[in-house]
Amino acid sequence: MSAELTDIEADRLWNFPGGIHPPERKELSSGTPLSSLPAAGDYRVPVKQHNGEPGEVCVQIGQQVLAGEPLTKPGMANGLPVHAPTSGTITAIGPARIAHPSGLADLVISIRADGEDNFCELYPVPDYQQLSRTELLDRLRDAGIAGLGGAGFPTDRKLALQRPLDYLIINGVECEPYITADDRLMQEHAAEIVRGTEILLYIAGCSKALIAIEANKPAAIEAFKPLLADHPTIKLRIIPVKYPSGGEKQLIQILTGREVPSRGLPIDIGLVMHNVGTAFAVQDAVDHGRPLIQRVVTVTGENVRKPGNYWVRLGTPVERLLKRCDYAPEPQQPVIMGGPMMGFTLPDLTVPVVKITNCILLPASSELAPAQQEMPCIRCGACSDVCPAELLPQQLQWLAKAKDYDGLEEQNLFDCIECGACAYVCPSEIPLVHYYRKAKAEIRNIARDKASAEIARERFEARQQRLEREKAERLERHRQAAEAREKAQAQAVKAGGDNPQDAVQAAIARAKARKAAQAAAATKAGDKNDGKNDGKSTGDSE
Amino acid sequence: MTFKIAASPHTHQRRTTRQIMRLVYLALIPGVILQSVFFGWGVWFQLILALATAWLAEGLCMRLRGRPMWSAWRDHTAMVTAVLLAISIPALAPWWIIVIGTAFAVIVVKHVYGGVGQNLFNPAMAGYVVLLVSFPVQMTSWPAPTMLTEHSISVVDTINLIVSGYTSAGYNLEQLRTGIDGLTMATPLDSLRTDLGSQMTLAEATDKPIFTDFAGVGWQWINLAYLLGGLVLIKLRVISWHIPAGVLLGLGLPALLGAAFAPDQQIGPVLHLFSGATMLGAFFIATDPVTAATSNRGRLWFGLLIGALVYIIRTWGGYPDGVAFAVLLGNMMVPVIDKYTRPVVYGHRGHP
Amino acid sequence: MNEYKELTWQGLWANNPALVQLLGLCPLLAVTSTVTNALGLGLATLLVLVGSNITVSLVRDWVPKEIRIPVFVMVIATFVTVIQLLMNAYVYGLYQSLGIFIPLIVTNCAIIGRAEAYASKNPWRRSAFDGLMMGIGFSAVLVVLGGVREIIGNGSLFDGAELLLGDWAAGLRVELFAVDYPLLLAILPPGAFIAMGFIIALKNLIDHYREQRAKQPAKQVTRARVTAQ
Amino acid sequence: MIARSMQRNGLILAAFACAATLLVVITARLTAEPIARQQQQELLQVLNQVIAPNEHDNDLYQSCIRVRYEQLGPPPQAVYRATMNGEPVAAAMEVTAPNGYSGAIKLLVAVYTDGSVAGVRTLQHQETPGLGDKIEIRKNDWITSFDGREVRAEDDPRWAVKRDGGQFDQFTGATITPRAVVQAVERAVRVFKQHQQDWFRQPANCNEPVPSTVPEKAEP
Amino acid sequence: MSIVTALLALGVLALIFGLVLGFAAVRFKVESDPIVDQIDALLPQTQCGQCGYPGCRPYAEAIANGDDINKCPPGGESTIRNLADLMGVEAKPLDAAHGTEDTKKVAVIREDECIGCTKCIQACPVDAILGAAKHMHTVLEHECTGCDLCVEPCPVDCIDMVPVPTRPENWQWNLQKIPVHTVESSD
């Protein structure tokens, strides 16, 4: 272990298996400085923008809000609040389309901007070292900070886990083609990122940090180099260009040679990783008290006339952002949120920018040709050669097509990071990742169904037991009543009263007469009520 | 306007199956040209017959299966099968040999199993084995290299031989195969097998006009040409080096040992590697992705197995060459190889 | 009578021991290089099947279930040995061709399969009929396979029929086409596998077609009231 | 419980075994004679092909001796002696050629007392159908090319296939089978020439007159 | 002589084997068969009774006793496949007599029409309906198995079976099903 640490200290870099080199196309958007969009128009803030339970809405329609004011209270598990991106009026709270590949609707709070962009009162922390870890974690949670790299896991939850750490890794790799949001942020805000890294180190209780940047971002590297001269605890690592070296697991492998155990977390092997954007947001939240209401978004692609990177308030509809960048869609234009490898296409432009939106890509069909028809797999194995997780993509594909879910789990489908390298190289143009995602969703659904079937079975059995018990109780009651009657009779006889037999006969006769009358009435009324309710017990509501 | 919905990744490296197959054709060219130099025009006629048969059979199968014919023709896989089979059989074999073989390869071995990507066995080699088992006479009647024959065979005679079995002058193949020394010409491996089988030493057995240079007239240069083509394919990353390396190692190593321990009775490594269908098999046949192992480690084992089987068949088996049988046996072992060479998935190392 | 119809259908087609249950493949593939051989083994199997089915059915009430398999095997082995001896004595020519495959009938799972699955549970008449139909079904497949292989491989039919049926049958031999080179593949065991595969495929195709033709009307089943007591 | 179950199952199984054995034994008894007759006829038929019936007056089948010579294949081999008026005429030997293309080939080689071949027949082989099986008289008359041949010196180069410079045809595409047969026949003739006097003096000693092989076994 | 030997040898051999088998049959008898539990675990537990048995467990018992495996419409093809694997029989298509495989549904009570008769409450096999006499009833969506047994008893027909809504969490990555809006080109 210590030898390995020495290796890491000595700037050693490892390699991960597979990987691809798609055209980078970063030059389209990396040249222009960051700029902001005016605060105007409608904003649509989805209540759930991170990986966890949504918060509870704490505003009403018609309410005036200021920028940075929380719109939801963090709920239970992994909850994070969302904040008003600008000052204005709440116009609607209801389902609307969100940034999700399904294009389905979810709870969204709509705000009409008043154009003033007044902020609510912010509470900066003058010296973060004065605050305890827990206090800082609460601040991060209240600021709504989730991982800005893509997964959107609540940052405070990630930091809350306390285990011995060797390194904090700041991920500035940004290996997806086209995207330059992190690149631009690093070029212009390296100091803030370093500051954020220090805060993260403090919270995590870790002593060393590594900032990883891919070799194709010389400007960002140059921005960091002078700053880090007086930060001996933070080291810069320049890693070779390869996709997907920015993936959490792959970057860990490159920097430390370690592997995150399957279904485990980096912290299990003494590491924790945050995106540069997250580091910036942490710094912003602590030093300036600003919640996460904006992020850098790359708008690029050949069908955007003014590609570049923008500070975009969360909740801004994509359409407004694109208009600002002067987009020229072609027929059947794909609008991709995220990069060309892992992003998803948007069904329309009302979808808002959210915490995990790092790029809006409008490629011309000449640069990213549309997918061709899927051809049969020829088992060439190109996919396994590039798979960074060392899976066997074609095997998974056969199994997924055959819906062999046990086989898929046995072949570790859930270790697939959906990087898309396999589909990128497939000569038969099989949308491999799509098959995996479908299978994963299906497996999750099956597990969910199984669990609910189990619950249903338990409830059914509980009910059966209850009914039996009630029946038994009823019989017991009848028996006791009968016994009591008999006893009473016996006593009466003993007491020398009337022969109770006569009374019984009379009662039977009465009952017979009543029944006959009832039957007659029932025939008249038509047998409306027969069958259904016969013999059922009554009154067993909960 | 409507937007386009698609699954990620949205970008794609444009190298299709069709392009890969085209590169395979190109890499075969030098070998095929040399083969036609040494064995005459027949090679080209066999190629034409094979391609035509494959084209028709592929179309027919797709038609019967209710699928678009163009999609099968476009990917060229059947054509590559046809080419490989055509250059594996004797150049002057009767026309129906290659037709039956190609049709069997495409219809039974490929389409009956479900078409492209579904076949268990290498179609070309399965077709070859069917022919070899069914028509051993025709399939072992290799003409002698042109420089060693008394009669040179014209284009017209070649066609006559392939179509009717006789040249215009009335010679049949058997007569034409009789070489300058009055003995029937056999391939170097066949001749060696016969001679070593009748207790000759290797030196005696190789004291024949077909053995010049290092591995027999014609065959050595053809093998070198296929080696060249194969190396180009590796360079272009059409195939990985694992399978060819495995085959050559699996064949060369036992041959080296055999030559070291019994130099008089065992064919040496050079002859093994540069005679028969060694290079064609190693670089073009065993590397057929559909029927080969999947992972790189598996590919190496797959190649080693095939190489060793070739050595075993050539040395102790019933046939002079064993590439086809070895490849089919290797194909059968692929599921087992794949099962035991599955790479350890990320995150499972040391965490069972 | 309906049962017998069903048994016929099952034995000849729907549950054909060779095509569907894939039982007894070893003798099936080994001897079907000509129609004559196929017919010979088919008849021998048929005889054993009927005999063993009847016997098993008759003794089923006296055989405890623990030892039923050894008993069935013994019954079958006896029949096979007897038939082998009889063939050796009276159809010597055929015995020479089929000799080594006759003992294989003992291990022919089709026979023990029927004994176990049918004869041990049904009266002897029906068991006999079942054996007859299964045997005919098996023989039919053998003959078809033998025919296909003989035609493709040899260009003839009923070659050597006199060995089985006596000298008069020599005239049965049909030369469909003269072959200079027999297609050895068809005669050799691999050819048997391939031809068998095609015959099974053909059967599946026919079944598929029939299924398409006859979509049976759905009958409604009374639904159980889970909650009624 | 266990004892009763064991008793019951054991007895029933034993009863079935006895019944089955009895049935088999009875059938075997009844068929023994026809089977022996069949086999004898079959062998006689082949013997009559290699040694013409008019060339001898003894019962070939009865005048059989068992000999042991490694050259003729795995011993013992049966030798059927033909005599005319008590004079030796010829003998037919069961010979095995061990080096066929697919294993051993069993032959019946008949040689006249002058050392010339009377006839050769293949009894059993597994050679490739269509190629090596031309050594069967049913498929090809090649086997008759031995008739009348003689072995001369210690080393007779004519006893080889043409490809090896001898006088016997090889089959197209198959040299190994005829080569093996030629060599086996040559060995048989040599053994016969060396030992014939001895053989014709011996009394018949094939007590169990069942030949170790059945002739002309072609399948598969 | 040989006859006697043969008879004796085989008879004794058979006797010994018979003894062994008789011993083994009693000694190694497998008690109780958990197969019913295994089958029950594969059934969807809707307790809908479409199979003709009152609940999933009775059907599981019936399958264990040799009933057909293709009588469960809610389980559909996948359940049949799993059962076929477990029972070692061939998978058959769903028996249409018992109904057809449908999308998963849940019962929803139109609450303004509910008269509070509790009939649906008694009908529900998994106690997924809440309410008391003369009070409005509600279906617990999470607990509802979609068996639709409550629909028929309702005297006012106020229960609807509605398909389970698709949410981003249970969405199936079906790109063809995304509604794509036609948007006016903005320039």
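Residues numbered from 1 in each chain as written. Chains lettered and ligands numbered in written order. Predicted model: local features only at pLDDT ≥ 70, side-chain atom pairs only at ≥ 80, totals over all residues. Heavy atoms only, no water.

Draft legend 1. Fine view of the overall build of chain C. In terms of helices and strands, chain C carries ten helices and two strands. If you list the helices and strands of chain C from N to C, you get α-α-α-α-α-α-α-β-α-β-α-α. Split into buried and exposed, the 229 residues of chain C put 49% on the buried side. Across chain C, every contact between residues at least 6 apart in sequence was considered, and the portion connecting residues at least 24 apart equals 76%. Surface summary for chain C: the accessible area is close to 10700 Å², and the carbon and sulfur share equals 66%. (Helix = DSSP H or I, 4+ residues; strand = E, 2+ residues; numbered from the N terminus. Buried < 20%, exposed > 50% of the residue type's maximum accessible area, 1.4 Å probe, protein only. Contact = heavy atoms within 4.5 Å. Areas by Shrake-Rupley, 256 points an atom, 1.4 Å probe, with all protein chains shown as cover.)

Draft legend 2. Representation of the interface of chain A and chain B in the model. Counting from both sides, the interface comprises 63 residues of chain A and, opposite them, 40 residues of chain B. Together, the buried faces of chain A and chain B total about 4400 Å²; carbon and sulfur atoms form 54% of this surface. Of all residues in chain A, A:E259, A:I378 and A:Y424 bury the most surface against chain B, accounting for 14% of the area lost on that side. Note that B:R342 and A:E410 form a salt bridge whose closest N and O atoms lie 3.3 Å from each other. At the boundary of chain A and chain B, one finds 21 residue pairs in polar contact (both at pLDDT 80 or more). Partitioned by chemical class, the residues of the side of chain A that touches chain B number 32 nonpolar, 19 polar and twelve charged. (Buried area = accessible area lost by both parts, 1.4 Å probe. Salt bridge = Lys/Arg side-chain N within 4 Å of Asp/Glu carboxyl O. Polar contact = N/O pair within 3.5 Å; in protein donor to acceptor, adjacent residues only side chain to side chain. Nonpolar A, V, L, I, M, F, W, Y, C, P; charged D, E, K, R; others polar.)

Draft legend 3. Quick peek at the nonpolar core. Of all hydrophobic cores here, the largest spans 97 residues; its most connected members are B:L28, B:L84, B:I89, B:Y226, B:F284 and B:F302. No other element matches the nine residues that helix 6 (residues 123-134) of chain B contributes to this core. Ignoring anything within four residues of it in the chain, the contact list for B:Y226 reads B:L28, B:G31, B:V32, B:Q35, B:I87, B:M279, B:L280, B:F283 and B:F284. By size, the runner-up hydrophobic cluster in this structure holds 77 residues, among which are A:A204, A:A209, A:M337 and A:L361. (Core = buried A, V, L, I, M, F, W, Y, C linked by side-chain atoms within 4.5 Å.)

Draft legend 4. Focus on the UniProt feature "transmembrane region" (unreviewed entry) in chain C. All names here are of chain C. The sites that carry the UniProt feature "transmembrane region" (unreviewed entry) are, in the present numbering, residues 12-32, 38-59, 71-92, 98-115, 127-148 and 183-206. Secondary structure content for residues 71-92 is 95% helix and 0% strand, and the end C-alpha separation is 30 Å. Span residues 127-148 is 100% helix and 0% strand, its end C-alpha atoms 31 Å apart. (UniProt positions renumbered as here; feature names shortened; annotations may be inferred.)

Draft legend 5. Representation of the sheet that holds strand 5 (residues 117-124) of chain D within the structure. Residues and elements named next belong to chain D. Taken in spatial order, the five strands of this open sheet run 1-2-3-4-5, and their pairing is antiparallel. Because the sheet does not close on itself, it has two edges, and the strands there are strand 1 (64-67) and strand 5. The sheet shows a mean angle of 25 degrees between the axes of neighbouring strands, direction not considered. Sheet contacts for helix 1 (residues 2-50): strand 2 (77-84), strand 3 (87-100), strand 4 (103-112) and strand 5; angle to strand 5, the most-contacted strand, approximately 150 degrees. Most of the contacts of helix 2 (residues 176-201) go to strand 3, to which it runs at about 145 degrees, and overall it touches strand 1, strand 2, strand 3, strand 4 and strand 5. (Pairing = 2+ DSSP bridges. Axes fitted to C-alpha atoms, helices over the stretch in contact; angles between N-to-C directions.)

Draft legend 6. A look at the domain arrangement of chain A. All names here are of chain A. The domains assigned to chain A are domain 1 (2-37 + 122-345) and domain 2 (372-487). On a C-alpha basis, the centroid separation for the pair domain 1 and domain 2 is 34 Å. Tallying the contact residues gives 16 residues for domain 1 and 15 residues for domain 2. Together domain 1 and domain 2 conceal approximately 1200 Å² of surface at their shared face, both sides included; 57% is due to carbon and sulfur atoms. It is P17, I20 and M342 that lose the most area in domain 1 upon contact with domain 2, and together they represent 33% of the buried surface on that side. Taken together, the connections running from domain 1 to domain 2 amount to zero salt bridges. (Domains from an automatic or database assignment.)

Draft legend 7. Main features of the packing of helix 4 (residues 68-90) of chain C against helix 1 of chain D. With their axes 8 Å apart at the nearest point, helix 4 of chain C and helix 1 of chain D run at an angle of 10 degrees to one another. The orientation of helix 4 of chain C with respect to helix 1 of chain D, classified from their angle, is roughly parallel. Side by side, helix 4 of chain C and helix 1 of chain D meet where C:P70, C:V71, C:M74, C:T78, C:T81, C:V82, C:L85, C:L86, C:N88, C:A89 and C:Y90 of the first sit next to D:L13, D:F16, D:A17, D:A20, D:L23, D:V24, D:T27, D:A28, D:T31, D:P34, D:I35 and D:Q38 of the second. Residues of the contact of helix 4 of chain C with helix 1 of chain D, tallied by class, amount to 17 nonpolar, six polar and no charged. (Parallel < 35°, antiparallel > 145°, perpendicular 65-115°, else oblique.)

Draft legend 8. Molecular detail of the pattern of salt bridges. Residue and element names in this part refer to chain A. All told, the structure shown has 52 salt bridges over all chains when counted by the stated rule. Across the pair E418 and R437 runs a salt bridge, and its minimum N-O distance is 3.6 Å. One end of the pair, E418, is in the loop between helix 12 (405-410) and helix 13 (421-425); the other, R437, is in helix 14 (residues 432-494), with 19 residues separating them in the sequence. Since its relative accessible area comes to 6%, R437 is described here as buried. Connected through salt bridges with shared partners, the residues R25, E27, E302 and E367 form a single ionic network.

Draft legend 9. Helix 2 (residues 35-42) of chain E, seen in detail. Of all the residues in helix 2 of chain E, the buried ones are E:I35, E:V36, E:I39 and E:D40. The arc enclosing the buried residues of helix 2 of chain E, seen along the axis, measures out at 135 degrees, which places them on a common side. Where helix 2 of chain E is buried, its residues contact helix 14 of chain A together with helix 3 (56-64) and helix 4 (76-87) of chain E. (Arc of directions from axis to C-beta.)

Draft legend 10. Quick look at the packing of aromatic side chains. Following the criterion strictly, the structure yields 19 aromatic pairs over all chains and no others. Judged by centre distance (5.5 Å) and plane angle (65 degrees), the ring pair of A:Y128 and A:Y202 falls under edge-to-face. Placement of the pair is A:Y128 in the loop between strand 7 (105-113) and helix 3 (133-142) and A:Y202 in helix 5 (residues 181-204), with a sequence separation of 74 residues. We classify A:Y128 as buried; its relative accessible area is 5%. Residue class for A:Y202 comes out partly exposed when judged on its relative accessible area of 29%. Considering the side-chain rings of B:W55 and B:W73, the 4.3 Å spacing of their centres and the 5 degrees angle between planes classify their relative orientation as stacked. Residue B:W55 is located in helix 2 (residues 42-64), and its partner B:W73 is located in helix 3 (residues 69-75); the two are separated by 18 residues in the primary sequence. Under the relative-accessibility criterion, B:W55 is labelled partly exposed at 42%. Through successive ring pairs, a cluster of aromatic residues spans D:W142, D:F146, D:W159 and D:F168. Note that A:K242 overlies the ring of A:F16, its terminal NZ or CZ placed 4.3 Å from the centroid. (Phe/Tyr/Trp six-rings, centres within 6.5 Å; stacked < 30°, edge-to-face > 60°. Lys NZ or Arg CZ within 6 Å of the ring centre and 35° of its normal.)

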